[in-house]
Amino acid sequence: MERDRKVMGLLAGALIVIFAFSYAVGYYIGKQAGIKEEKERCEVEKKQLMKTLARITPVSRPQPQIEEKVVGAPTLAELQKEEETK
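The next point concerns the overall build of the chain. Scanning the chain from N- to C-terminus turns up three helices and zero strands. In the chain, the succession of helices and strands from N to C terminus is α-α-α. Burial status across the chain gives 0% buried among its 86 residues. Of the roughly 9,300 Å² of accessible surface on the chain, a fraction of 63% belongs to carbon and sulfur atoms.

We now examine the confidence of the model for the chain. On average, the chain scores 82 in pLDDT, and the residues at 70 or more come to 88%. Within the chain, the element-level pLDDT minimum falls on helix H3 (residues 76-85), averaging 80, and the maximum on helix H1 (residues 2-33), averaging 90.

So, about a negative patch on the surface. A cluster of acidic residues, Glu78, Glu82, Glu83 and Glu84, forms a negative patch on the protein surface. Mapping glutamate 78 onto the fold places it in helix H3. According to the relative accessible area criterion, glutamate 78 is partly exposed, its value standing at 43%.

Judged by side-chain polarity, Phe21, Val25, Tyr28 and Ile29 come together as a nonpolar surface patch covering roughly 440 Å² of accessible area. Among the structural elements, valine 25 can be located in helix H1. Taking the relative accessible area as the measure of exposure, valine 25 reaches 34% and is therefore partly exposed.

Here is what the cut-offs are and how they apply
Residues numbered from 1 in each chain as written. Predicted model: local features only at pLDDT ≥ 70, side-chain atom pairs only at ≥ 80, totals over all residues. Heavy atoms only, no water. Helix = DSSP H or I, 4+ residues; strand = E, 2+ residues; numbered from the N terminus. Buried < 20%, exposed > 50% of the residue type's maximum accessible area, 1.4 Å probe, protein only. Areas by Shrake-Rupley, 256 points an atom, 1.4 Å probe, with all protein chains shown as cover. pLDDT = per-residue confidence, 0-100. Patch = residues over 30% accessible without salt bridge, like charges linked within 9 Å, V, L, I, M, F, W, Y side chains within 5 Å. Salt bridge = Lys/Arg side-chain N within 4 Å of Asp/Glu carboxyl O. Lys, Arg positive; Asp, Glu negative; His and termini not counted. Charge placed at Lys NZ, Arg CZ, Asp CG, Glu CD.

Okay, here's the thing in structure tokens:
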């Protein structure tokens, strides 16, 4: 029983050491990669995406002008003619 506990303790300790080491290596590599370069790359991609979307969207296309017809109120003479024909 006691031997199993020692083995489990050693395995748990080894796992913690491996986890800490891999985390430290990943942090160090990620820190050296730099965030500035990634931000610049994202900005360039964002501008290209905006240009593409501007070409696709209907807002960028000229809209045909709609002619509005104004219908005036009927005159008194027209109203009398309609009443006579009824």
